[in-house]
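# Fold and contact review
For reference, the chains in residue letters:
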Amino acid sequence: MKNNSGLRRDGEDLLYETEISFIDAILGTKITVPTINGKAELKIPNGTQPNAVFRLKGEGMPNIRTGRKGDELVTVRVRIPKSIS
């Protein structure tokens, strides 16, 4: 399942991919990501490596048997420039 927010479902978990600059990956930053409940702020620590995955606990879909919610997994892609000026 994929919707306009870019969220994809994997069982009870939701998957989201976003891109940050290499400067933000080196220095750290805060980004806003969509969730099924609106938006959430995610802290990206300094030294984040390309394709790092961050977990937002309890921001996934509820399990119909247990009612327990899955997580949202945010994959961070690092945008690396082709040339540096």
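Computed from a prediction, not measured in an experiment: that's the story for all the values here.

### With respect to the confidence of the model for the protein chain
Looking at the protein chain, pLDDT values average 92 and 95% of them are 70 or higher. For the protein chain, the element scoring lowest by mean pLDDT is strand S1 (residues 8-10), at 94; strand S5 (residues 52-56) scores highest, at 98.

### Thoughts on the pattern of salt bridges
Under the defined criterion, the tally for this structure stands at 6 salt bridges. A salt bridge links Arg8 to Glu17, with the shortest nitrogen-to-oxygen separation between them at 3.6 Å. Glu17 sits in the partly exposed class, given a relative accessible area of 41%. Between Glu19 and Arg79 there is a salt bridge, with its nearest N and O atoms 2.9 Å apart.

### Brief notes about the nonpolar core
Ranked by internal contacts, the top residues of the largest apolar core, which has 17 residues, are Ile20, Val33, Leu42, Ile44 and Val74. Those elements that provide at least two residues to this core are strand S2 (13-21), strand S3 (29-35), strand S4 (38-44), S5 and strand S6 (72-79). Apart from the residues within four sequence positions on either side, Ile20 is in contact with Ala25, Ile31, Ile44, Val76, Arg77, Val78 and Arg79.

So, how was this worked out
- Residues numbered from 1 in each chain as written.
- Predicted model: local features only at pLDDT ≥ 70, side-chain atom pairs only at ≥ 80, totals over all residues.
- Heavy atoms only, no water.
- pLDDT = per-residue confidence, 0-100.
- Helix = DSSP H or I, 4+ residues; strand = E, 2+ residues; numbered from the N terminus.
- Salt bridge = Lys/Arg side-chain N within 4 Å of Asp/Glu carboxyl O.
- Buried < 20%, exposed > 50% of the residue type's maximum accessible area, 1.4 Å probe, protein only.
- Core = buried A, V, L, I, M, F, W, Y, C linked by side-chain atoms within 4.5 Å.
- Contact = heavy atoms within 4.5 Å.

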